[in-house]
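Observations on the model geometry
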Amino acid sequence: MKFHSPMIIVNDIESSKRFYHDILYEEIVQDLGNYVVFAGGFSMMTREQWNAFTNDAPAGGNDGHCFELYFEEDDLDDFVKRIEENADIKQFTEFQEATWGQRTIRFLDPDEHVIEVSESMEAVVIRLLSSGMTARAASEKSMMPMAFVERCADRLDTRR
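Since the model is a prediction, treat every value here as computed from it, not as a measurement. Positions within a chain are numbered from 1, following the residues in the order the chain's sequence is written. With the structure being a predicted model, the display of local features is reserved for residues of pLDDT at least 70 and the display and counting of side-chain atom pairs for 80 or more, all residues being used for whole-chain, interface and lining totals. Side-chain metrics in this entry use all non-hydrogen atoms of the structure; hydrogen atoms and water are not considered.

Quick look at the pairing of strand E4 (residues 43-46)
Applied cut-off: Remark: exposure states derive from per-residue accessible area (1.4 Å probe, protein chains only) relative to the maximum for the residue type, with buried under 20%, exposed over 50%, and partly exposed in between. The helix and strand labels rest on DSSP assignments: H or I over at least four residues marks a helix, E over at least two residues marks a strand, and numbering proceeds from the N terminus. Two strands are counted as paired when DSSP detects at least two bridges linking them.
Side chains Ser43 and Met45 of E4 all project onto a buried face; the interleaved residues Met44 and Thr46 project onto the opposite face, where all are buried too. Where strand E1 (residues 7-10) meets E4, 4 bridges bridge the pair, whose relative direction is parallel. Residue Met7 lies in a different strand from E4, and its bridge partner there is Ser43. Looking at chain direction, strand E3 (residues 35-38) and E4 are connected through 3 bridges and run antiparallel. Directly across from Val36, in E4, lies its bridge partner Met44. Hairpin geometry of E3 and E4 is characterised by an intervening segment of 4 residues between the two adjacent antiparallel strands and by a positive phi of about 100° at Gly41.

Some details on the pairing of E3
Note on strand geometry: in a regular strand, side chains alternate between the two faces of the sheet. Where strand E2 (residues 28-31) meets E3, 3 bridges bridge the pair, whose relative direction is antiparallel. Bridging from a neighbouring strand, Ile28 pairs with Phe38 of E3. Where E2 folds back on E3, the antiparallel hairpin that results is connected by 3 residues, among which Gly33 adopts a positive phi of roughly 85°.

Spelled out as structure tokens, the structure:
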């Protein structure tokens, strides 16, 4: 057996499709009306369809925020600006930087699923190196191995 992908249950699939396509640039690879598959490796189904398939009471209950969908964006500053300019998007946490240097923002989709968008660790290390930090200091700060930091430094050198 192998894990395939997560599926979220949504109240308004059209609103959710727009959110994931327009805000997170997820490409729809299959749209069956009440079930949508995204190229990013997850899908969504309407609450009505879910309940019909499972004979379950309404799924989810968003009061606990039991999981999040995680995305990475290397141009996080521009992305955060777009999120903050969109009054329809409800922030879950402020834009923050973890002790290891990775910057993150969390917000809610139309059904109040938690969405996290963070820099990739490669982008973190490149940002740290670009700020003048030594490779050893960037490795210690990011907790990434020196070999990883050196590969990032090589990428940074090819950009210059």
